[in-house]
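Per-entry structural report
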Amino acid sequence: MFDKILIANRGEIAVRVIKTCRRMGIKTVVVYSDADAGSLACEMADETVHIGPSPAAQSYLIQDKIVDAVKQTGAQAVHPGFGFLSENAGFARRLKAEGIAFIGPNPEAIDAMGDKITSKKFAAEAGVSTVPGHMGLIETPDEAVKIAREIGYPVMIKASAGGGGKGIRVAHSDDDMTEGFAAVKAEALNAFGDDRVFLEKFIVDPRHIEIQVLGDKHGNVIHLFERECSIQRRNQKVIEEAPSPLLDEATRAAMGAQAVALAKAVNYDSAGTVEFVAGQDKSFYFLEMNTRLQVEHPVTELITGVDLVEQMIRSAWGEQLAIRQDDLSINGWAIESRIYAEDPYRGFLPSIGRLVRYEQPEEGDQGDYTVRNDSGVREGDEISMFYDPMIAKLCAWGETRDDAVRGMARALEDTHLSGLGHNVPFLAAVMDQERFQSGQLSTSYIKDEFPEGFHGLAPTPEQVKILIASAVAMNEVIAEQDGDPSERTDWTVLVDKTAYEVEVGYDEAEDLIVAIDGEEVSLSEIDWRPGLSLFKAVLDDDDAFTAEVKRAADGFDIRHRAAKARVRVLRPDVAHLYALLPEKQAADTSKLVLSPMPGLVVDIPVVEGQEVKSGETVAIIEAMKMQNILKAEREGKVKAVKAKAGDPVAADDVLVEFE
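These numbers were taken from a predicted model, which means no experiment stands behind them. (Residues numbered from 1 in each chain as written. Predicted model: local features only at pLDDT ≥ 70, side-chain atom pairs only at ≥ 80, totals over all residues. Heavy atoms only, no water.)

**Considering the overall build of the protein chain**
Going by this rule: By definition, any uninterrupted DSSP run of H or I lasting at least four residues is a helix, any uninterrupted run of E lasting at least two residues is a strand, and each is numbered from the N terminus. Based on C-alpha atoms, the radius of gyration is set beside the globule rule, defined as 2.2 Å times the residue count to the power 0.38. Throughout, a contact is declared for two residues whenever any of their heavy atoms are within 4.5 Å.
Tallying secondary structure elements over the protein chain gives 17 helices and 40 strands in all. For a compact globule of 659 residues, the expected C-alpha radius of gyration is about 26 Å, and the protein chain comes in at 27 Å, within 12% of that figure. The principal-axis extent of the C-alpha atoms belonging to the protein chain is close to 80 × 65 × 55 Å. Residue pairs at least 24 apart in sequence account for 64% of intrachain contacts in the protein chain once pairs closer than 6 positions are excluded.

Below, the structure written as structure tokens:
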């Protein structure tokens, strides 16, 4: 077995590979850029090698630097993780020529399946059902429009070398195609060094289901069942689960057999994923094959007990698969939520900065569910603009899907981040939705359920009790610590603008009793003191919960899952005065185009004095390797341009001002 492996990646996946290597007794080397100096992966690795500036194109994508690091440290193999060079056949060949093992499939398999255009041609020749589209290279926007008309809108524009949701747009018209074609080519060149683009028919109301395959260098291939990855935003997976709530045994077997046949046809010899687009009627079509480890691999590991990273390492060493298809079965259900540094209340735009607080749920067996949290950052680390904004992959396993959903919801409650925007409230909202709980999924789920964007959810009657009882409990604790406990038992509690009449007392067990408009609830096992961001307690003896809390000038800001509110515990006469206060008016920004996120200005294609039509592009901002196109919301004349290409900008910086 290898003595030392170099990990040509960063963040969470580097940490994940290190954990398996440690268990196998293999030493690790991590390469790092300027932005990743002092990272968790660097701290955990046995050795580290600096490979250059922060941009990936100047560090993680430079093959010479990776090979030099291997030679410098004496590593025998390279694990590429996902992204960067993981699906680069030229890199795999380079390592082979240098006598270095590549922990991934052979270059020929990467060529056959890793390229999205070639893989579809190969699949069609192999008799695999594929989505209608144009697999040839497309050079110009006019050519793209012509082909799109032949296929029929809506059409998906995809980077041939794409992955991770990068380099994908859906076009519904000729204008969409012209603009999206240029954007996809630019994103693809920036993220993958390859601007080739192809088109395929966009299936309406589809589901995204993928089969995990595993092969060795002796011709053996098995599948480890499916993952459902239909909850997506901007074509990037957000919530994944295994198995899929859609499939029956017959469909599962058919998809698995097709994935194995395809992998065998290209002599596949590592972990890989065959992706399908599935209809609600259980029909399915080959989409693409990812010739690498997938981000969402933990859910497969949780239901099968197989360490996929270990199997990749053993395959690269030349061992035969020790697992047969008949050895595998599905045990329970697992769900993964991708926690991103992004602001769901601002259209999920990237939110870079420092993790001032990062409290993680306890991992392992929690009774009715099990928690696994794959993270590459710690409290105090910075989320950089140069890479994907992923903070962690939070997983919950349960014996049934209902158990896994409830476990995930509780694990999200126990996750606290501050210092930047994050999508935990959104993830919690999905767990609480009846549609998700019923398994009625599609790739349009987020657009369907949150057509006007995410603004949180209104508190349920049960959550209103939690918000009120938590605020009352904190009010009591603060008064006691201040040496000024009040004898008052009657309060008015405002949850935002809604008033509730509350009576407060204690029972013989010293549990807090709160009567809300005459209905009593109890709060026990209270775990909170001033300064803590999480309030933990048990409601009515059997409902343990965690709420995120922050003291405000006149109360508390409390969030429980996707419901948040300003909660004030007031004397009734003071509460009456609050109803008389005028509402604060928001500042008028209708004549300003503001940067929606921190990033880099790619282009400001308007000039002072220019007449701009509604829908016309006025700025392009790049952040986290994605280009974001800002368009005018109405007609107007440009009064001033406040930024230029190449300028770094913060969220809400003025880019363009209209008269």
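The discussion continues.
**Overview of empty space enclosed by the protein**
Rules: Of the grid points, spaced at 1 Å and generated over the protein atoms alone, those admitting a 1.4 Å probe that cannot get out make up cavities, while open sets with protein on both sides within 12 Å along at least five of seven lines make up pockets; any residue with an atom within 4 Å of a point is treated as lining. Grid points are joined across faces, edges and corners, and a volume is the space filled by probe spheres set on the points. Here the term charged refers only to Asp, Glu, Lys and Arg, the term nonpolar to Ala, Val, Leu, Ile, Met, Phe, Trp, Tyr, Cys and Pro, and the term polar to all other amino acids, Gly among them.
Inspection of the entire model under this criterion finds four cavities of 30 Å³ or more. Empty space within the second largest cavity amounts to approximately 40 Å³. Residue assignment for the lining of the second largest cavity shows that the elements contributing at least two residues are α12 (401–413) and β30 (543–552). A total of three residues in the lining of the second largest cavity trace back to one element, the largest contributor, which is β30. Grouping the constituent residues of the lining of the second largest cavity by class yields three nonpolar, two polar and four charged.

**Here we look at the packing of aromatic side chains**
This is how the line gets drawn: Pairing of aromatic rings covers Phe, Tyr and the six-membered ring of Trp, with a centre-to-centre limit of 6.5 Å; geometry is then stacked below 30 degrees between planes, edge-to-face above 60, and tilted otherwise. The buried label goes to any residue with under 20% of its type's maximum accessible area, the exposed label to any with over 50%, and the partly exposed label to all in between, with areas taken from a 1.4 Å probe on protein chains only. Placement of a charge over a ring requires the Lys NZ or Arg CZ to be within 6 Å of the ring centre, with the centre-to-atom vector within 35 degrees of the ring normal.
In total, this model carries twelve aromatic pairs according to the counting rule given. Arranged with centres 5.3 Å apart and planes meeting at 40°, the rings of Y345 and F454 form a pair that is tilted. Of the two residues, Y345 sits in the loop between β16 (342–343) and β17 (349–350) while F454 sits in the loop between α15 (445–449) and α16 (461–481), which places them 109 residues apart along the sequence. A relative accessible area of 26% places Y345 in the partly exposed class. Between F348 and F426, the aromatic rings sit 4.9 Å apart at their centres with planes inclined by 85°, giving edge-to-face as the arrangement. With F348 in the loop between β16 and β17 and F426 in helix α13 (residues 424–432), this pair connects stretches of sequence that are 78 residues apart. Residue classification places F348 among the buried residues on the basis of a relative accessible area of 7%. For F426, a relative accessible area of 1% corresponds to the buried category. The rings of Y345, F348, F426, F450 and F454 are connected pair by pair, giving a single aromatic cluster. A cation over a ring is seen here: R233 above Y340, with NZ or CZ 5.9 Å from the ring centre.

**Focus: the sheet that holds strand β4 (residues 77–79)**
Operational definition: Following DSSP output, two strands are said to pair if at least two bridges run between them. Fitting a line to C-alpha atoms yields each axis, with helices limited to the stretch in contact; the angle taken between N-to-C directions then spans 0 to 180 degrees.
Sheet architecture is open: five strands sit in the order β3-β2-β1-β4-β5, paired in parallel fashion. With partners counted over all chains shown, the strands left at the sheet margins are β3 (47–50) and β5 (101–102), one partner each. Strands in contact with helix α1 (residues 11–24) are β1 (4–7), β2 (27–32) and β4; relative to β1, the strand with the most contacts, it is inclined by about 170°.

**Things to note about the layout of surface pockets**
A volume near 570 Å³ is recorded for the second largest pocket. Lining of the second largest pocket is provided by 22 residues; of these, H422, E548, K550, R559 and K564 occupy positions nearest its centre. Mapped onto the lining of the second largest pocket, the elements with two or more residues apiece are β24 (416–418), β30, β31 (555–560) and β32 (563–570). For the lining of the second largest pocket, the residue count by class is eight nonpolar, six polar and eight charged.

**Overview of the packing of helix α4 (residues 89–97) against helix α5 (residues 107–114)**
For the record, the criterion: An angle below 35 degrees is treated as roughly parallel, one above 145 as roughly antiparallel, one from 65 to 115 as roughly perpendicular, and anything else as oblique.
Put simply, α4 and α5 touch, their axes get as near as 8 Å, and they point 180° apart. Between α4 and α5, the angle is such that the two are roughly antiparallel. Residues A89, A92 and R93 of α4 form the contact with α5, whose own contacting residues are P107, E108, I110 and D111. Here the contact of α4 with α5 is composed, by residue class, of four nonpolar, no polar and three charged.

**Observations concerning the side chain of R401**
You can see R401 is positioned in helix α12. Since its relative accessible area comes to 8%, R401 is described here as buried. If we ignore the near neighbours within four places in the chain, the residues touching R401 are E241, P245, W333, F436, Q437, S438, G439 and L441.

**A look at the state of the cysteines**
Applied cut-off: Any two cysteine sulfur atoms lying within 2.5 Å of each other are counted as a disulfide.
Per the stated rule, a full pass over the model turns up zero disulfides. Looking at C42, it has no disulfide partner, and the nearest cysteine sulfur is the one in C21, 15 Å off. Accessibility expressed as a relative area gives 13% for C42, which makes it buried. Considering cysteine sulfurs only, C395 is the nearest to C229, which forms no disulfide, with 12 Å between them.

**Structural notes on unusual backbone geometry**
Between Y153 and P154 the backbone carries a cis peptide bond, its omega angle lying at 0°. In this fold, P154 is placed in the loop between α7 (141–151) and β7 (155–163). Along the chain, A242 connects to P243 via a cis peptide bond; the corresponding omega equals -5°. Along the chain, P243 turns up in the loop between β12 (236–242) and α9 (249–265). Here D496, not a glycine, exhibits a phi torsion of approximately 55°, which is positive. Within the element layout of this structure, D496 appears in the loop between β25 (490–495) and β26 (498–506). Unusually for a residue other than glycine, R561 sits at a positive phi of about 55°. Within the secondary structure, R561 sits in the loop between β31 and β32.

**A word on α9**
What counts is decided by this rule: By this rule, a helix spans an expected 1.5 Å times one less than how many residues it contains.
For α9, which comprises 17 residues, the first-to-last C-alpha distance of 24 Å matches the rise-based estimate of 24 Å (1.5 Å per residue) to within 8%. Buried residues in α9 make contact with α5, α6 (116–125), β10 (207–215), β11 (221–233), β13 (271–278) and β14 (284–290). At the C-terminal side of α9, N267 shows a positive phi close to 55°.

**Thoughts on the nonpolar core**
Test applied: Put simply, a nonpolar core is a bunch of buried Ala, Val, Leu, Ile, Met, Phe, Trp, Tyr and Cys residues held in one set by side-chain atoms that sit within 4.5 Å of each other.
Among the nonpolar cores identified, the biggest contains 64 residues, and I5, L6, V31, I66, V78 and I313 are the most heavily contacted of them. No other element matches the seven residues that α1 contributes to this core. Setting aside chain neighbours within four positions, we find I5 in contact with C21, I26, K27, T28, V29, A75, A77, H79, I103 and I313. If you look at the next biggest cluster of nonpolar residues, it comprises 40 residues, including L355, V377, A392 and A562.

**Overview of the pattern of salt bridges**
Condition: By definition, a salt bridge exists where a carboxyl oxygen of Asp or Glu is found within 4 Å of a side-chain nitrogen of Lys or Arg.
Under the counting rule described, the total for this entry stands at 59 salt bridges. With a closest N to O distance of 2.9 Å, R435 and E449 form a salt bridge. In this pair, R435 is assigned in helix α14 (residues 434–438) and E449 in helix α15, connecting sequence segments 14 residues apart. Taking relative accessible area as the criterion, E449 reaches 30% and is therefore assigned partly exposed. Where R568 meets D554, a salt bridge forms, and the shortest distance between an N and an O atom there is 2.7 Å. Of this pair, R568 sits in strand β32 while D554 sits in the loop between β30 and β31, and the two are 14 residues apart along the sequence. Residue class for R568 comes out buried when judged on its relative accessible area of 14%. The structure contains a network of salt bridges with shared partners spanning R16, R23, E301, D307, E310, R314, E319, R372 and D374.

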